[in-house]
Protein chains: 2
Amino acid sequence: MALIVQKYGGTSVGTVERIQAVADKVIETKKQGHQVVVVVSAMSGETDRLLSLANNITQTPTPRELDVLLSTGEQATIALLSMALEEKGQAAVSYTGGQVHIRTDNEHNKARIVDIDGARVHKQLNDGKIVVIAGFQGVDEDGNITTLGRGGSDTTAVAMAAALKADECRIYTDVDGVYTADPRVVEDAQRLVSITYEEMLEMASLGSKVLQIRSVEFARKYNVNLRVLSSFKDGPGTLITDEDENMEAALISGIAHNKDEAKLTIVGVPDNPGIASKILGPIADANIEVDMIVQNVGVDNSTDFTFTVNRTDYDRALSILQKTAKSIKAKDVSGDNKIVKISVVGVGMRSHAGIASTMFKALADEGINIQMISTSEIKVSVVVAEKYLELGVRTLHTTFGLENGAITESNK
Amino acid sequence: MALIVQKYGGTSVGTVERIQAVADKVIETKKQGHQVVVVVSAMSGETDRLLSLANNITQTPTPRELDVLLSTGEQATIALLSMALEEKGQAAVSYTGGQVHIRTDNEHNKARIVDIDGARVHKQLNDGKIVVIAGFQGVDEDGNITTLGRGGSDTTAVAMAAALKADECRIYTDVDGVYTADPRVVEDAQRLVSITYEEMLEMASLGSKVLQIRSVEFARKYNVNLRVLSSFKDGPGTLITDEDENMEAALISGIAHNKDEAKLTIVGVPDNPGIASKILGPIADANIEVDMIVQNVGVDNSTDFTFTVNRTDYDRALSILQKTAKSIKAKDVSGDNKIVKISVVGVGMRSHAGIASTMFKALADEGINIQMISTSEIKVSVVVAEKYLELGVRTLHTTFGLENGAITESNK
């Protein structure tokens, strides 16, 4: 008998029929002899409905009250799923975040989990019940309702699995696992049997939207076995775990891409100490997140400075940069929001030289010009023109032999 | 400075605009120098929406889970009203039933309040905040969410007023007070300046739908000054309080009527001990509430037995009674669901003889036949054919001089 935490997102519980289908899946797992804890999100559309009510009252809702409002979405789902389970003859009990003492700090709308008391849940599981828990929410030490911010239900599930020392945390989504590349771009992309936390973190931060980064970080910290599966079709999904479980680490796990970025360059900056913070300070002050940063020192004691931001922040960032350019006497400012970032990810890189050069050569052979490069221990990212997205991803997928499934299998 | 508890029902908070109007009314009271606690219901329609989700899953939702589901309705309203108050520059804080320790027994869907801890509320009031509390809900001693059943928000408001030792509990409704008769029936019905708890209880149980009986009972028990006012127009409403405050008790406070009843008669029952329980036992077992009961003993050692039930239960009650008639060898069963109950209510009756005979004579003078009579210390009720509703109520309203306002004024 194992203890399994399952998490179903808003789409998976978006209608009464889907809630009933989730109940069937939960009961199936229970019948296999496992104890099951289920974490659910608000029904899809519900959070937007509540937000729109709030926004009709005020453009700046009190963060505390916004949490009181939004947390009702998950609370409704736990009640409905528990009813569905009971209707099918399976004893169940629902808990809000507060009721199972998911204690957070008091940063409303983006609270972080501090502690979970699993005792109440264990007691109900031992009584044979399914325990249904509201994702996304908790309470601070004064009992105020908090929410964890976007993707918070994944984090609740992983935190719950950690607190309960669950054997596995299963995140049900609308995809059936993590792929070697986006299957919409690469037709013969392969589902990975497993992947390490670090690779998943890179994949997530590079634009693969399968899992929230925070939940993966949490899983890594507490060593929770995390599995991504489809809500809608059966299959083993992809297991995210620590690399020790891999018999032989794959060279490359996958090719990720991100179309949400835009690039800004400030040219001819006098290369003095502190110039980077003068450029990026105003950007950070405007709450714009910067991703890649590249600086080239020129010959005439001036430098070019390029960075990428989220495409939605492009216009704001450009206008801030233009002001900065004047004040620091830079020559010019340019920008491009028709770019894409393509990344090769794999823990195997750590011990294999030459991945980067193989990647650059493959792209060059196709005539794809690389505009920026950024590397980490387990990934190499390049920025190229958006028009090369499909060609670039497919080329690299083939170059690293991901389409034949061999690497997927060795990655078991 | 007084401490005022205000309660707004679902219609009063049914839209974003109405929530904003409620915020204005609350702030107005605060600006008069008072501390204000607001109790709110779910936005009108919300409870039905949630019930329909539940009913699409199961016809017999688990009572515990139904409470988890329904309590989200009020929780959304407290957040929205608090936001509206803050948006208008008034500091506010919302609390669910659980957060202010509205502790109840564990009778889900119809829980009774056991205890309220007012400390947290007093602290926020002393900090100058408006405190917004979710009506209708509480928690049992294990922290499970409970709801108080229909009209529960009125009860929350009165209980809160009792716990906080508030100076007044104001219930805002869609009528502007308690009237000497239904103004839709009697054109010159007068608003009562005040009325005793007991009279209000009789009025409520006799069909005046202004206040929930339970909240009036609660107010009487804890001696809470209760005031009924309109959400939509200004005015002092009607104060419900103990009779000591009346300088001189009015003879009659008002004429109530109830169209929701139906009458059943079982004829020629052998008059043996225990026969009443044989007749009413199966009715009670079917969860049908009986209102008036009249039994006449005949000459031939047989008896006729008549009682009234809610009109919605008429068909069920009739078919149960037909079975009973066979088993106890009664002669016949008859029924009538075109009846109405008209009542004369007033604490003055206690010390004035002749109210009943004045009432019967006035009805007889109009040719209205009385089918059943029931009396209590402060009311006389009669059952008449439904077609006599308007004529009967108007006749009695005039007979007892309610239209000239004199009695209303003496009732101050």
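Rules and cut-offs
- Residues numbered from 1 in each chain as written.
- Chains lettered and ligands numbered in written order.
- Predicted model: local features only at pLDDT ≥ 70, side-chain atom pairs only at ≥ 80, totals over all residues.
- Heavy atoms only, no water.
- Pairing = 2+ DSSP bridges.
- Helix = DSSP H or I, 4+ residues; strand = E, 2+ residues; numbered from the N terminus.
- Axes fitted to C-alpha atoms, helices over the stretch in contact; angles between N-to-C directions.
- Contact = heavy atoms within 4.5 Å.
- Expected span 1.5 Å × (residues − 1).
- Buried < 20%, exposed > 50% of the residue type's maximum accessible area, 1.4 Å probe, protein only.
- Buried area = accessible area lost by both parts, 1.4 Å probe.
- Salt bridge = Lys/Arg side-chain N within 4 Å of Asp/Glu carboxyl O.
- Least-squares fit on C-alpha atoms with pLDDT ≥ 70 in both.
- pLDDT = per-residue confidence, 0-100.

1. A word on the sheet that holds strand 18 (residues 339–345) of chain A
Residues and elements named next belong to chain A. If you trace the 4 strands from one edge of the open sheet to the other, you get 13-18-20-19, paired in antiparallel fashion. One side of each edge strand has no neighbouring strand; the edge strands of this open sheet are strand 13 (254–258) and strand 19 (372–376). Strand-to-strand, the axes of this sheet are offset by a mean angle of 20°, without reference to chain direction. Direction of pairing for strand 18 relative to strand 20 (residues 379–385): antiparallel, over a ladder of 7 bridges. Each residue of the ladder has a partner; that of I339, found in strand 20, is A385. Here helix 10 (residues 355–365) sits on the sheet in contact with strand 18, strand 19 and strand 20, set at roughly 20° to strand 20.

2. Quick look at helix 1 (residues 16–31) of chain A
All names here are of chain A. In this model helix 1 runs 23 Å from its N-terminal to its C-terminal C-alpha over 16 residues, within 8% of the 22 Å that 1.5 Å per residue would give. Residues of helix 1 that are buried: V16, I19, V22, A23, K25, V26, I27 and T29. In the stretch just after helix 1, G33 is the one whose phi turns positive, near 100°.

3. A word on the interface of chain A and chain B
Often the size quoted for an interface is simply the accessible area lost on bringing the parts together. Listed by partner, the interface residues are 42 residues for chain A and 42 residues for chain B. Buried area between chain A and chain B, both sides added, is near 3,200 Å², and the carbon and sulfur share of it is 60%. Its largest share of buried area at the contact with chain B, chain A owes to I57, E65 and M83 of chain A, together 21% of the area lost on that side. Linking chain A with chain B are 2 salt bridges, by the criterion used here. Notably, a salt bridge pairs R49 of chain B with E46 of chain A, separated by 3.6 Å at the nearest N-O pair.

4. Details of the relation of the copies chain A and chain B
Superposition record for chain A on chain B: RMSD 0.2 Å, screw rotation 179°, translation along axis 0.0 Å. Given the turn and translation reported, the copies of this chain are related as if by a two-fold rotation axis. Closest approach to the rotation axis among the C-alpha atoms of chain A is made by T72 of chain A, whose C-alpha sits 2.5 Å away. The fraction of interface residues of chain A whose copies in chain B are also interface residues reaches 100%, indicating that both copies meet through the same surface.

5. Thoughts on the pairing of strand 12 (residues 238–241) of chain B
Residue and element names in this part refer to chain B. Neither face of strand 12 is open: one carries T238 and I240, the other L239 and T241, and all of them are buried. Sheet topology places strand 10 (residues 194–196) next to strand 12; 3 bridges connect them, and they run parallel. Opposite T196, over in strand 12, you have T241 as the bridge partner. Note: strand 11 (residues 226–230) against strand 12, 3 bridges, orientation antiparallel. Paired with R227 across the strands is L239, a residue of strand 12.

6. Considering the sheet that holds strand 20 (residues 379–385) of chain B
Residue and element names in this part refer to chain B. Read from one edge to the other, the open sheet built from 4 strands follows the order 13-18-20-19, with strand pairing classed as antiparallel. Whereas interior strands pair on both sides, the edge strands pair on one side only; in this sheet they are strand 13 (254–258) and strand 19 (372–376). Across this sheet, the average inter-strand angle for adjacent strands is 20°, counted without regard to direction. Where helix 10 (residues 355–365) meets the sheet, its contacts fall on strand 18 (339–345), strand 19 and strand 20, and the angle it forms with strand 20 comes to roughly 20°. Contacts between helix 11 (residues 389–399) and the sheet are confined to strand 13, strand 18 and strand 20, with strand 18 contributing the most and set at about 10° to the helix.

7. Considering the confidence of the model for chain A
Low pLDDT marks regions whose predicted coordinates should not be analysed in detail. Per-residue pLDDT for chain A has a mean of 89; in total, 93% of the residues score no lower than 70. For this predicted complex, the interface score ipTM comes out at 0.75, while the overall pTM is 0.79.

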